[in-house]
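An overview of the molecular structure
Here are the chains, one letter per residue:
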Amino acid sequence: MVQVSAKTYPDYVLKGWRRCEEKNTDINSGLCFFNISSFDLNVLLTENKDLIERSEYVLDSLTEYMNPFISAMLVNRNGYILKEKKCKGHTDSVNFPVGGRFLEKFNGNTAISTSIIENNPVCLVGEEHYCKSYYNYTTLSVPIHSDGEIIGVFSAIGLKTNVSKSALGMIAAAAKAISIGFDADKENKQLMAKNKYESTIVETMIDGVLTVDKDGFIMFMNQVGADILGVDRESSIGKHAADIVDFKPVILDVLKTGKGYVDKEFLITKKSGEKTHFVKTAVPIKDDKGNIVTVVDTFRKINRVNKLVNKMNGAYANFSFDDIIGSSHKIKDCITKAKAAAKSMSNVLITGESGTGKELIAQSIHSYSQRKNQPFVSINCGAIPRELLESELFGYEPGSFTGASKKGRTGKFELAEGGTIFLDEIGEMPLDMQVKLLRVIQEKKLTRIGGNAVFDLDVRIIAATNKDLFEECRKGAFREDLYYRINVLHVMLPPLRERKDDINELIHHFINKLNLKLDKDIRGISPEAMNKIMQYSWPGNVRELENTIERAVNLCKTDTITEKDIFIENFHKDLQLSVEDTKDLTTEIISETEIEPLEVIEKRAIERALNIAGGNITTTANLLKVTRNTIYNKIKRYNLLSS
Ligand SMILES: Nc1ncnc2c1ncn2[C@@H]1O[C@H](COP(=O)(O)OP(=O)(O)OP(=O)(O)O)[C@@H](O)[C@H]1O
Ligand SMILES: [Mg+2]
């Protein structure tokens with residue numbers, strides 16, 4: 001034990017001695033302890049790289065001017081020397097190698113170990129050290145903090161004759177400088193990482209992004225933005241927006257008006273005549289005085305927007321020629337013609353009775369064509385009220401007519417850009433609309449209702465009808481010039497009664513499909529049931545057959561569909577017609593006493609469905625598993641709207 005009077009020494013000195021005694025520290029040991037492998041030394045230096053770098057400048061300045069000290073050093077929180085420098089004029093009178101360690105067990109209580117334990121600035125003079133090697137020296141040490149945690153200490157040693165306790169302020173200032181610098185570096189690094197992260201997000205966005213300063217000079221632009229605008233990104237930054245493109249940059253209007261917008265459409269014509277159709281969102285960012293400092297502009301080409309709309313609306317073809325069932329030469333002929341049509345770019349007219357598969361063929365043509373990955377947009381010209389048909393087809397600008405939405409609307413033609421538009425029931429199109437359609441087909445250009453901008457169109461037209469269009473032309477209900485425009489290629493679908501050889505194949509196809517859908521295991525159909533089916537003329541064609549089989553599969557209790565499972569709405573009527581052609585069509589066929597006529601059941605079913613669907617035709621059609629067209633026809637037939 002060092003023989004001293006307890007009162008003359010500060011508490012931290014006494015506590016240090018006590019710790020050394022408990023650890024049986026040898027008071028005659030050396031200045032510092034070195035026992036580290038080169039591997040561990042490397043790890044130590046790598047782990048503390050940032051702290052070392054940050055302290056270098058402080059260490060250099062201090063050792064340059066503070067020659068009362070012999071040496072200054074940076075020590076980590078475990079007592080390892082990370083960096084040491086002799087003060088000017090001192091060479092190697094004391095030896096503190098990097099990797100050396102201050103540990104009370106080996107070299108007693110220095111200011112270094114004490115400042116780490118006490119987490120306070122400490123100065124030990126001469127015999128305050130529990131180590132005789134330090135009796136001629138003063139050690140000083142101050143903790144370095146980051147985020148309130150001690151991460152190391154900054155320390156110095158000098159002869160006790162040259163250095164007094166008052167020098168601790170100098171070391172404390174140095175430690176503080178390192179702490180502040182280290183935290184700032186850390187913050188900077190985090191900020192840089194965040195910046196990098198954010199710019200990676202902006203770079204990987206599929207929208208174009210650009211920002212301009214208050215005067216319209218480009219501050220930032222991502223690569224997608226540069227690609228959409230057709231400019232070089234690097235050289236554009238720093239230039240004025242008006243100098244990088246050959247059209248009037250709309251972003252400059254935001255600087256003028258101070259007002260931003262969301263998802264606004266723009267059609268820009270470049271000097272070359274090339275048109276670019278955008279959707280843009282521009283947000284002005286203002287300072288606390290309300291002055292614009294920057295405008296952030298995100299933009300995308302309209303075809304990307306339309307693609308998304310089509311995806312959401314399911315405006316893509318689901319069927320291909322593989323889905324068309326039948327081996328009769330009549331259907332094979334149709335498929336051959338349709339495949340040839342698919343390979344050409346000409347407009348196609350598909351004719352056939354209701355339910356013969358016109359939509360199926362139209363989708364198959366699209367799926368077989370080069371446009372297969374582009375939208376297939378279908379519109380039923382007969383099902384849309386005539387006053388809405390034009391806006392459905394061509395779209396409208398905001399507020400262009402009474403009832404139009406404030407935001408305007410994209411028409412089906414625009415949505416079909418690059419793909420195919422299927423004009424179903426073209427025979428129902430009003431004459432005035434036929435004129436407009438003809439113009440669009442001829443000019444391959446489109447103007448929205450109430451708009452001035454002229455869009456270029458690249459849309460393939462497939463039209464369908466169950467009317468005899470030639471006859472309609474003769475009657476003056478269909479324009480001849482339009483007829484010739486759309487009837488470049490003609491696919492005529494035969495009614496099912498003319499290809500009864502396909503019925504067997506179709507029935508098995510539907511049974512297989514329904515087994516899967518309804519989790520049934522129907523294996524076949526009885527000869528009597530088949531006979532009944534073959535006797536019937538199928539005025540509703542394949543759709544009627546499909547519905548009949550669906551009902552039969554639902555009713556069937558065994559694995560074979562029997563005659564009693566086959567309900568054909570107009571079976572008796574049909575048979576009687578075929579026997580005596582002249583019978584009045586409107587005569588109701590009354591069945592056996594308790595059984596209600598199918599028409600009554602059907603009318604009631606439609607009324608119920610209409611009620612449930614709140615009058616919505618599409619929902620009603622979905623509920624009853626028939627087309628909207630059928631619903632429209634039945635509404636007319638049963639006079640349902642007036643009731
Ligand atoms: N050859 C066929 N093979 C398989 N299914 C077919 C065939 N023809 C038609 N269908 C099916 O019959 C139903 C009616 O077909 P689609 O809607 O294409 O007829 P459509 O001629 O457009 O009828 P409408 O004139 O009433 O609009 C659909 O469910 C379709 O899948
Ligand atoms: Mg159809």
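Just so it is clear, the model here is predicted, and its values are computed rather than measured.

Regarding a nonpolar patch on the surface
A surface patch of nonpolar side chains, amounting to about 210 Å² of accessible area, comprises Val283, Ile285 and Val293. Following the sequence through the fold, valine 293 ends up in strand 10 (residues 292-301). You can call valine 293 partly exposed: its relative accessible area is 38%.

A short note on the nonpolar core
Core analysis: the biggest nonpolar cluster contains 33 residues, and Leu393, Phe413, Ile421, Leu423, Ile426 and Ile486 have the highest contact counts within it. When residues no more than four places from it in sequence are discounted, the contact partners of isoleucine 421 are Val377, Ile379, Leu393, Lys412, Phe413, Ala416, Val459, Arg460, Ile461 and Ile462.

Brief notes about the confidence of the model for the chain
In regions of low pLDDT, the predicted coordinates are not meant to be interpreted in detail. When the pLDDT values of the chain are averaged, the result is 87; 93% of them are 70 or greater. Counting contacts from residues 580-593, a segment whose pLDDT is below 50, to residues more than four positions away or on other chains yields 10 contacts.

A word on the domain arrangement of the chain
Under the domain assignment used here, the chain contains domain 1 (6-188), domain 2 (206-308), domain 3 (314-494) and domain 4 (588-643). A C-alpha centroid distance of 54 Å is found between domain 2 and domain 4.

Notes on the environment of leucine 431
Relative to the assigned elements, leucine 431 resides in helix 16 (residues 431-443). Put simply, leucine 431 and glycine 476 are 45 residues apart on the chain and 9.1 Å apart in space, counted from C-alpha to C-alpha. Residues contacting leucine 431, with those up to four places away along its chain left out, are Gly476, Ala477, Phe478 and Arg479.

Some details on the sheet that holds strand 12 (residues 376-380)
Taking strand neighbours across the sheet as the criterion, the 5 strands line up as 12-15-18-11-19 in an open arrangement whose pairing is parallel. Each end of this open sheet is capped by a strand with a single partner; those strands are strand 12 and strand 19 (489-492). For this sheet the average axis-to-axis angle between neighbouring strands, irrespective of direction, equals 20 degrees. As paired strands, strand 11 (residues 348-351) and strand 19 are joined by 4 bridges and run parallel to one another. By the bridge assignment, leucine 349 is partnered in strand 19 with histidine 490. In the packing of helix 13 (residues 358-368) onto the sheet, the strands contacted are strand 11, strand 12, strand 15 (420-424), strand 18 (460-465) and strand 19, and the crossing angle to strand 11 comes to about 155 degrees.

Some words on the packing of aromatic side chains
Going through the model one piece at a time under the given rule, you end up with 11 aromatic pairs. Consider the rings of phenylalanine 321 and tyrosine 368, whose centres lie 5.2 Å apart with planes at 80 degrees: the pair is edge-to-face. Placement of the pair is phenylalanine 321 in the loop between helix 11 (302-313) and helix 12 (329-343) and tyrosine 368 in helix 13, with a sequence separation of 47 residues. With a centroid separation of 5.9 Å and an interplanar angle of 25 degrees, the aromatic rings of phenylalanine 376 and phenylalanine 422 are classed as stacked. Of this pair, phenylalanine 376 sits in strand 12 while phenylalanine 422 is found in strand 15, placing the two residues 46 residues apart along the sequence. An identical accessibility class is assigned to phenylalanine 376 and phenylalanine 422; each is buried. Taking the ring centre of phenylalanine 106 as reference, the NZ or CZ of lysine 105 above it sits at 5.9 Å. The ring of tyrosine 261 has lysine 264 lying over it, and the distance from NZ or CZ to the ring centre is 4.9 Å.

Details of the pairing of strand 5 (residues 149-159)
Along any regular strand, the residues point their side chains to alternate faces of the sheet. Across the 11 residues of strand 5, 9 count as buried, placing the element largely inside the fold. Note that strand 1 (residues 69-76) and strand 5 share 7 bridges and pair antiparallel. Note on strand 5: the bridge partner recorded for valine 75 is valine 153. Pairing analysis gives 10 bridges linking strand 4 (residues 137-146) to strand 5, with the strands arranged antiparallel. Its bridge partner lying in strand 5, valine 142 is registered against phenylalanine 154. What sits between strand 4 and strand 5 in their antiparallel hairpin is a turn of 2 residues, with aspartate 147 showing a positive phi close to 50 degrees.

Side note on unusual backbone geometry
For aspartate 519, which is not a glycine, the phi torsion comes out positive at approximately 55 degrees. Its relative accessible area of 72% is what places aspartate 519 among the exposed residues. A positive phi angle, near 55 degrees, is found at asparagine 541, a position not held by glycine. Following the sequence through the fold, asparagine 541 ends up in helix 21 (residues 541-555).

Things to note about the packing of helix 3 (residues 49-65) against helix 6 (residues 168-204)
Running from N to C, helix 3 and helix 6 point in directions that differ by 145 degrees, and their axes come no closer than 9 Å. Judged by the twist between their axes, the crossing of helix 3 over helix 6 is right-handed. Residues Asp50, Leu51, Arg54, Ser55, Val58 and Leu62 of helix 3 form the contact with helix 6, whose own contacting residues are Met170, Ile171, Ala174, Ala177, Ile178, Gly181, Phe182, Asp185 and Lys189. By residue class, the composition of the contact of helix 3 with helix 6 is 9 nonpolar, 2 polar and 4 charged.

A short note on the pattern of salt bridges
Oppositely charged side chains may form a pair once their charged atoms are brought near each other. Using the criterion set out here, one finds 38 salt bridges in the structure. Between aspartate 50 and lysine 189 there is a salt bridge, and its shortest N-O distance comes to 3.1 Å. Separated by 139 residues along the polypeptide, aspartate 50 in helix 3 and lysine 189 in helix 6 bring together distant segments of the chain. Residue classification places lysine 189 among the partly exposed positions, given a relative accessible area of 47%. Between glutamate 599 and arginine 637 there is a salt bridge, with its nearest N and O atoms 2.4 Å apart. Of the two residues, glutamate 599 sits in helix 23 (residues 598-612) while arginine 637 sits in helix 25 (residues 628-638), which places them 38 residues apart along the sequence. Through salt bridges with shared partners, a single network forms among Glu265, Glu397, Glu414 and Arg448.

Here we look at the pairing of strand 1
Within strand 1, 8 of the 8 residues are buried, which leaves it mostly tucked inside the rest of the structure. Linking two consecutive strands that pair antiparallel, namely strand 1 and strand 2 (residues 81-86), is a turn of 4 residues; a positive phi of about 90 degrees is found at glycine 79 within it.

Remarks on the site of ligand 1
Taken together, 15 residues lie near ligand 1, and Ser354, Gly355, Lys358, Arg543 and Glu546 sit nearest. Isoleucine 325 has a polar backbone atom sitting 2.9 Å from a nitrogen atom of ligand 1. Between ligand 1 and threonine 356 there is a distance of 3.3 Å, counted from an oxygen atom to a backbone nitrogen or oxygen. Notes on ligand 1: free accessible area 630 Å², of which the protein chains cover 89%. Elements supplying a minimum of two residues to the shell around ligand 1: helix 13 and helix 21. Considered class by class, the residues forming the shell around ligand 1 number 5 nonpolar, 4 polar and 6 charged.

Re helix 25
Taken together, the buried positions of helix 25 are Ile631, Lys634, Ile635 and Tyr638. Down the axis, helix 25 shows its buried residues gathered within 105 degrees of arc, on one side only. Among the residues trailing helix 25, asparagine 639 stands out with phi positive, at a value near 55 degrees.

Re the packing of helix 1 (residues 11-22) against helix 5 (residues 111-118)
At their nearest, the axes of helix 1 and helix 5 sit 11 Å apart, and the two run at 105 degrees to each other. Classified by the angle between their axes, helix 1 and helix 5 sit roughly perpendicular to one another. Here Tyr12, Lys15 and Arg19 of helix 1 lie close against helix 5, whose contacting residues are Thr114, Ile117 and Glu118. Its residues assigned to classes, the contact of helix 1 with helix 5 comprises 2 nonpolar, 1 polar and 3 charged.

Cut-offs applied
- Residues numbered from 1 in each chain as written.
- Chains lettered and ligands numbered in written order.
- Predicted model: local features only at pLDDT ≥ 70, side-chain atom pairs only at ≥ 80, totals over all residues.
- Heavy atoms only, no water.
- Patch = residues over 30% accessible without salt bridge, like charges linked within 9 Å, V, L, I, M, F, W, Y side chains within 5 Å.
- Areas by Shrake-Rupley, 256 points an atom, 1.4 Å probe, with all protein chains shown as cover.
- Salt bridge = Lys/Arg side-chain N within 4 Å of Asp/Glu carboxyl O.
- Helix = DSSP H or I, 4+ residues; strand = E, 2+ residues; numbered from the N terminus.
- Buried < 20%, exposed > 50% of the residue type's maximum accessible area, 1.4 Å probe, protein only.
- Core = buried A, V, L, I, M, F, W, Y, C linked by side-chain atoms within 4.5 Å.
- Contact = heavy atoms within 4.5 Å.
- pLDDT = per-residue confidence, 0-100.
- Domains from an automatic or database assignment.
- Pairing = 2+ DSSP bridges.
- Axes fitted to C-alpha atoms, helices over the stretch in contact; angles between N-to-C directions.
- Phe/Tyr/Trp six-rings, centres within 6.5 Å; stacked < 30°, edge-to-face > 60°.
- Lys NZ or Arg CZ within 6 Å of the ring centre and 35° of its normal.
- Left-handed = near helix turned anticlockwise from the far one by under 90°.
- Nonpolar A, V, L, I, M, F, W, Y, C, P; charged D, E, K, R; others polar.
- Near = heavy atom within 4 Å.
- Polar contact = N/O pair within 3.5 Å; in protein donor to acceptor, adjacent residues only side chain to side chain.
- Arc of directions from axis to C-beta.
- Parallel < 35°, antiparallel > 145°, perpendicular 65-115°, else oblique.

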